[in-house]
Amino acid sequence: MSLANQLRYHLNVSIVGNSVLRLQRWQGEWQMSRPGSWQNAHIAPPVAVAPRLKELISRHYLKGQYAHLGRKVAWVTSGAPVEFLVALGYFVLYPENHAAVCGIRRMSESLCTAAEDAGYSPDLCSYARTDIGSVLTGKTPVGKVPRPDVLVCCTNICQTVLFWYRVLAHHFNVPLIVIDTPFLYTEATERAVAYVKAQLEDAVIVAERVAGRSLGFDKLKQATRYSRQACELWMKIMECGQHRPAPITAFDEFFHMAPIVEMRGEAFTVDYYAALLAELEQRKANNIGAVTVESKRLLWDNLPVWHRVRWLSEMLAERQVALVASTYTNAWGELAHLVDPERPMESAATVYLHPILNRGTGHKLKTMRRMVDDYQADGVILHSDRSCKPYSIGQIGQRNRLADELGAPALLLEADHNDPRAFSNEQVATRLSAFLELLEK
Amino acid sequence: MSTVVAIGADAGSTTTKLVGISHDGVIVWETIEPTEPRMREQLERLLATIPGSGGSAGPTVPVVATGYGRNLVDTKHRRVTEITCHATGVYRSIRSSGTLIDIGGQDSKVIVIDAAGGVVNFAMNDKCAAGTGRFLEVVAARMRESVQDFAALALSSPEEVAISNTCTVFAESEMVSLLAQGHAIESISRGLHRALARRVASLARSAGAVAPLMMSGGGAHNVALRALLENELGAAIRLPAKPQLMGAYGAALLALRRAAA
Ligand code: SF4
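Remember, predicted model here, so these are calculated numbers, not experimental data. (Residues numbered from 1 in each chain as written. Chains lettered and ligands numbered in written order. Predicted model: local features only at pLDDT ≥ 70, side-chain atom pairs only at ≥ 80, totals over all residues. Heavy atoms only, no water.)

1. A short note on the nonpolar core
The tendency in soluble globular proteins is for nonpolar side chains to be buried as a group. Threshold: For this analysis, a nonpolar core means a set of buried residues of the types Ala, Val, Leu, Ile, Met, Phe, Trp, Tyr and Cys, connected via side-chain atoms within 4.5 Å. Exposed residues in this analysis have more than 50% of their type's maximum accessible area, buried residues have under 20%, and partly exposed residues fall in between, with area computed by a 1.4 Å probe over protein chains only. Whether two residues are in contact is decided by their heavy atoms, any of which lying within 4.5 Å being enough.
Core analysis: the biggest nonpolar cluster contains 172 residues, and A:Phe84, A:Tyr90 and B:Phe122 have the highest contact counts within it. Dropping the residues within four chain positions of it, B:Phe122 is found in contact with A:Arg399, A:Leu411, A:Arg431, A:Ala434, A:Phe435, A:Leu438, B:Ile83, B:Val110 and B:Ile111. Ranked by size, the runner-up nonpolar core spans 32 residues in total, among them B:Met143, B:Leu192, B:Ala207 and B:Ala220.

2. What about the interface of chain B and chain A?
As a reminder, the rule being used: What gets called buried area is simply the loss in accessible area from a 1.4 Å probe that two parts show on being joined, summed for both. In the sections that follow, a salt bridge refers to a side-chain nitrogen of Lys or Arg positioned within 4 Å of a carboxyl oxygen of Asp or Glu. Two N or O atoms form a polar contact when they lie within 3.5 Å of each other; inside protein one atom must be a possible hydrogen donor and the other a possible acceptor, and for residues adjacent in sequence the pair counts only when both atoms belong to side chains. Starting at the N terminus, helices and strands are each numbered in turn, a helix being any DSSP run of H or I of at least four residues and a strand any DSSP run of E of at least two. When residues are grouped by polarity, Ala, Val, Leu, Ile, Met, Phe, Trp, Tyr, Cys and Pro land in nonpolar, Asp, Glu, Lys and Arg in charged, and all others, Gly among them, in polar.
In this complex, chain B contributes 21 residues to the contact, which on the side of chain A involves 21 residues. Where chain B abuts chain A, roughly 1600 Å² becomes buried across the two surfaces, and 49% of that area is made up of carbon and sulfur atoms. Our count for the chain B to chain A interface comes out at zero salt bridges. Taken together, the connections running from chain B to chain A amount to four residue pairs in polar contact (both at pLDDT 80 or more). Secondary-structure elements contributing two or more residues to the side of chain B that touches chain A are α2 (82-94) and β8 (119-124) of chain B. For the side of chain B that touches chain A, the leading source of residues is β8(B), giving six residues. Tallied by class, residues from the side of chain B that touches chain A come to nine nonpolar, six polar and six charged.

3. Some remarks on the sheet that holds strand β2 (residues 91-93) of chain A
Working definition: the strands of a sheet are paired by backbone hydrogen bonds and lie parallel or antiparallel to each other. All names here are of chain A. For clarity, the threshold we go by: In this scheme, strands are said to pair when DSSP sees at least two bridges between them. Every axis corresponds to a line fitted to the C-alpha atoms, with the helix fit spanning only the stretch in contact, and the corresponding angles, defined between N-to-C directions, vary from 0 to 180 degrees.
Pairing in this open sheet of four strands is parallel, and the strands run β2-β1-β3-β4 from one edge to the other. The sheet is open, and its two borders are formed by β2 and β4 (176-179), each paired with just one other strand. Taking each pair of neighbouring strands and ignoring which way they run, the sheet shows an average axis angle of 20°. Summarising the sheet, strand β1 (residues 73-76) and strand β3 (residues 150-154) pair through three bridges and their orientation is parallel. Across the sheet, residue Val76 finds its bridge partner in β3, namely Val152.

4. Remarks on empty space enclosed by the protein
Where empty space is left becomes clear once a probe the size of a water molecule has been rolled over the atoms. Residue and element names in this part refer to chain A. The cut-off we apply is this: In the cavity and pocket records, a cavity denotes points on a 1 Å grid over the protein atoms alone where a 1.4 Å probe fits but cannot get out, a pocket denotes an open set with protein on both sides within 12 Å along at least 5 of 7 lines, and lining residues are residues with an atom within 4 Å of a point. Grid points are joined across faces, edges and corners, and a volume is the space filled by probe spheres set on the points.
According to the stated counting rule, one finds three cavities of 30 Å³ or more in the structure shown. Put simply, the largest cavity is a space of about 120 Å³. Forming the boundary of the largest cavity are 14 residues, of which His60, Arg71, Val92, Glu262 and Glu266 lie nearest the centre. When residues of the lining of the largest cavity are traced back to their parent elements, those giving at least two are α2 (50-65) and β2. Across the lining of the largest cavity, the residue classes tally to eight nonpolar, one polar and five charged.

Below, the structure is given as structure tokens:
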């Protein structure tokens, strides 16, 4: 980074950008504190730290906008080891998160169409289509997405990412690091761990070359420490949902999870989650539920339906139903205990082998069973996501077994996490209402 | 005629059905019409025709609305989904637990009912017309036959052409090419009914169907579909007296129950 660029980066991000965002946050906090500012009778007002979340996310994308002034940029899959990139000073962008933002802001449909116009199949995951559409058209709701200098693709979530990242590598003509994680039918073998670790070591070499600096071991340990702390806090935040009434729902978590996914390994993420946890503990103590009247509690499986989060959350809240947990948000907390800051490479190899999507369907069923118990859920909504095949496979059997073995009624809800064209309001409303009638009987 | 004490209104995608019941839960008044584009006006008009129930001011007795148009009735009435209503109506008619297969105009449902008449599980066709009454309407119309006559043709045929598609659009083109190849309409009709029966049977199996099997909805009147479904699922199907009115009847029973509560 030249000195002039360094100064411009700091001026734009640290001085001007930060001040503007801080001001917006204060404004948000002030507006929230005014009586009558919250109108929904069925849902509790948002947590007071919510404007901080907005500030964090905006700052993240702001850094991205100015990254060309000297920071190297890595695009990574959601399940990829990120700590070495953070330690090397990369700006890390998650195309999946970016696609989710496009979904929330109602842009994913036109971006998916743009990708399909370019010849990509509508059967491809809608995250991939959204992002490829965004790359091809330059359209994004976040201002500007920085061009990658390196791509890191870890196959621990699906095989789609492998092909998607090859497309990106070809398009941007930048190095692609692939970290192949053998699927775990049962336990991870030593050989599997060694295999992933060796790839991580190779990845570091490529990332160092692109960054033009070498990895400081202390920095890596520090990033890993922050990762672990953030994951632990995130787990505790989700566990607040075990309280009756639940002070937080999975719908809230879908938004609060942004930092744990795209800002892992950073001190400010740890601070944010500590503040959120403190507030939720307070809500627990005062018995404030996220849903004003909580009569039933449900567990959610699979990705959110990004383009309908609000609609779904209002519909459930009106019927006095709290979505108290989800396997999806849980995935970012459940592995905290495996993260060992003193052995960052070995522990990364183990951790990144174990995401729920890299394990058999039996493991997911076991997780759901445990969560139904821990969160005292009355039933389960299994979002059958047209896009995400690895998450949706086995759900029919899982639905039947949850009902037969646990007596927890489960609903299979067909949708798509980012493509609104594969979603029918009327059909979903009917299925969901019928399911709630079944629970209420 | 006994007085109507509760009303069920089932505003379906194809037909709108209204049922009035007496205090002992017997149907004493009924009407069925093709659903009009102005569903709200149609519902209001039909509700006003119920004998002794308030005329144009709307019914004074409790009403439960169901079907796709259920949200169009006055907000003072309760809305319940077709799933719960069909289960309630059929349970009261047949007085048995088991698996209800409802083939409606735009969707088909499989509803597992427990010994107390409650819904244990249900499954519905996914987002297309495959596996619904619409499928047969389209293919029968293509052959210039009524749905009933088209079903009778299927049953009259000892032979059956294999039809792989349950997609309404693709099946139609497959049918045209089979005709062009010289296959008899009867065996094509049987093949089409078979394809639909298979589709519904697999939906039933996925929902964990248990015997006995029951049927409701317009599709229950289709003799060929019923016979082939029995054949696919290996069990006899029991029918309520008025299959097509079961959604409205169940809604009326729920209205009555609510009035009593
Ligand atoms: S297929 Fe599933 S795991 Fe893979 S990128 Fe899409 S949503 Fe993520």
